[in-house]
Amino acid sequence: MEEARNVTATSSEHTAKKPADTRNTGPGRLLIAVYAVFAISATARAGYQILTKFSEAPLAYVLSAFAALVYVVATVSLAKAGRTWFRVSVIAVLVELIGVLVVGALSVFDAVQFPHETVWSLFGRGYAFIPLILPVLGLIWLYRRRPAPRSA
């Protein structure tokens, strides 16, 4: 009988020691909220641009739609728990950072292709450079809240 209690206590202690997935708590909630605002605004902007004036700047508007998709994926994956969602978050935020840097540079050096701004144009200047800062903060948050290594 005592062995059964020890096994139960040991398994309870083992369960209690598991680190919780805390990406969507505390400051993580603010990060998710900012991503959600960008997901909604980028989706609305891209939809409007594509429906009303696509022929004026097709590359810029397709990139706006891509940025909106990245923000949606980042928002959802940051809000979800688990290792798979963590990986999706890292990929989405890295794609966002690369997108901001590439589109930002292209919009500076090849302005002809970007006659109209996107979320990521000029490194997010139209959005107070938040698109440039947000993925950096996101990667820092993900690093600090990364899942514990799996035990063998």
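Every chain is numbered independently, its residues counted from 1 as its sequence is written. Confidence filtering applies because this is a predicted model: local features only for residues at pLDDT of at least 70, side-chain atom pairs given and counted only at 80 or more, and all residues used for totals across whole chains, interfaces and linings. The side-chain numbers reported here are obtained from all heavy atoms of the structure, hydrogens and water having been left aside.

**A look at the packing of helix 3 (residues 58-79) against helix 4 (residues 83-109)**
Helix-helix packing is described using two parameters, namely the angle between the two axes and the distance between the axes. Axes, fitted as lines to C-alpha atoms, cover a helix only where it is in contact. Angles between the N-to-C directions of the axes lie from 0 to 180 degrees. Numbering goes from the N terminus for both helices and strands, where a helix is a DSSP run of H or I of at least four residues and a strand is a run of E of at least two. Contact geometry for helix 3 and helix 4: axes closest at 8 Å, N-to-C directions at 150°. By the criterion of interaxial angle, the relationship of helix 3 to helix 4 is roughly antiparallel. Considering only the axes of helix 3 and helix 4, their crossing is left-handed. Along its contact with helix 3, which presents Leu 63, Phe 66, Val 70, Tyr 71, Val 73, Ala 74, Val 76, Ser 77 and Leu 78, the element helix 4 presents Trp 85, Val 88, Ser 89, Ala 92, Val 95, Glu 96 and Val 103. Of the residues in the contact of helix 3 with helix 4, the class split is 13 nonpolar, two polar and one charged. Here the word oblique covers every angle except those under 35 degrees (roughly parallel), over 145 (roughly antiparallel) and from 65 to 115 (roughly perpendicular). Crossing handedness follows the turn of the near helix against the far one: under a right angle anticlockwise gives a left-handed crossing, and clockwise gives a right-handed one. Contact criterion: two residues are considered in contact whenever any of their non-hydrogen atoms come within 4.5 Å of each other. Polarity classes work like this: nonpolar for Ala, Val, Leu, Ile, Met, Phe, Trp, Tyr, Cys and Pro, charged for Asp, Glu, Lys and Arg, and polar for all others, with Gly in that last group.

**Notes on the nonpolar core**
Nonpolar side chains in soluble globular proteins tend to be buried together. Counting 27 residues, the largest nonpolar core has Tyr 35, Tyr 71, Val 119 and Trp 120 as the members making the most contacts within it. Residue assignment for this core shows that the elements contributing at least two residues are helix 2 (27-53), helix 3, helix 4 and helix 5 (130-144). Broken down by element, this core gets its largest block of residues, eight residues, from helix 3. With residues near it in sequence (within four places) discarded, Trp 120 still touches Phe 66, Ala 67, Val 70, Tyr 71, Val 95, Glu 96, Gly 99, Val 100, Val 103, Gly 104 and Pro 131. Among the buried residues, those of types Ala, Val, Leu, Ile, Met, Phe, Trp, Tyr and Cys that are joined through side-chain atoms within 4.5 Å form a nonpolar core. The buried label goes to any residue with under 20% of its type's maximum accessible area, the exposed label to any with over 50%, and the partly exposed label to all in between, with areas taken from a 1.4 Å probe on protein chains only.

**Focus on helix 3**
The end-to-end C-alpha distance of helix 3 is 32 Å, a good match for the 32 Å that 22 residues give at a rise of 1.5 Å each. At its buried positions, helix 3 is contacted by helix 2, helix 4 and helix 5. A helix is expected to span 1.5 Å for every residue after the first.

**Details of the packing of helix 2 against helix 3**
At a minimum axis separation of 8 Å, helix 2 and helix 3 run at an interaxial angle of 155°. The orientation of helix 2 with respect to helix 3, classified from their angle, is roughly antiparallel. Considering only the axes of helix 2 and helix 3, their crossing is left-handed. Facing Leu 31, Ile 32, Tyr 35, Ala 36, Phe 38, Ala 39, Ala 42, Thr 43, Ala 46, Gln 49, Ile 50 and Lys 53 of helix 2, the residues of helix 3 in contact are Tyr 61, Ser 64, Ala 65, Ala 68, Tyr 71, Val 72, Ala 74, Thr 75, Leu 78 and Ala 79. Looking at side-chain class alone, the contact of helix 2 with helix 3 contains 17 nonpolar, four polar and one charged residues.

**Some words on unusual backbone geometry**
With a phi close to 60°, Phe 123 is a non-glycine residue in the positive phi region. By the secondary structure assignment, Phe 123 is in the loop between helix 4 and helix 5. Positive phi is not limited to glycine here, since Ala 128 has a value of about 60°. Mapped onto the fold, Ala 128 is located in the loop between helix 4 and helix 5. A relative accessible area of 55% means that Ala 128 is categorised as exposed.

**Concerning the side chain of Ser 121**
Tracing the chain through its elements places Ser 121 in the loop between helix 4 and helix 5. For this analysis, a polar contact is any N or O atom pair within 3.5 Å, provided that within protein one partner can donate a hydrogen and the other can accept it, and provided that sequence-adjacent residues contribute only side-chain to side-chain pairs. Of the polar contacts made by the side chain of Ser 121, one reaches the backbone nitrogen of Thr 118; its length is 2.8 Å. Those residues in contact with Ser 121, other than ones at most four positions away along the chain, are Val 103, Ser 107, Phe 114 and His 116.

**Remarks on the packing of aromatic side chains**
Only Phe, Tyr and Trp rings are paired, with Trp represented by its six-membered ring, and only when their centres lie within 6.5 Å; those with planes under 30 degrees apart are stacked, over 60 edge-to-face, the remainder tilted. Scanning all chains against the criterion turns up five aromatic pairs. Relative to Tyr 71, the ring of Tyr 35 lies with its centre 6.0 Å away and its plane at 50°, an arrangement referred to as tilted. Here the residue Tyr 35 occupies a position in helix 2, and Tyr 71 occupies one in helix 3, the gap between them amounting to 36 residues. The pair Tyr 35 / Tyr 71 is uniform in exposure class, with both members buried. With 5.4 Å between their ring centres and 45° between their planes, Phe 38 and Tyr 71 make a pair best called tilted. Note that Phe 38 is positioned in helix 2 and Tyr 71 in helix 3, a separation of 33 residues in sequence. By relative accessible area, Tyr 71 is classed as buried at 0%. One aromatic cluster is present, built from ring pairs that chain together Tyr 35, Phe 38, Phe 66, Tyr 71, Trp 120 and Tyr 127. In this scheme, the term charge over a ring applies when either NZ of a lysine or CZ of an arginine sits within 6 Å of the ring centre and within 35 degrees of the ring normal. The ring of Tyr 143 carries the charged tip of Arg 146 above its face, separated from the ring centre by 4.0 Å.

Read these as spatial facts, not as claims about activity.
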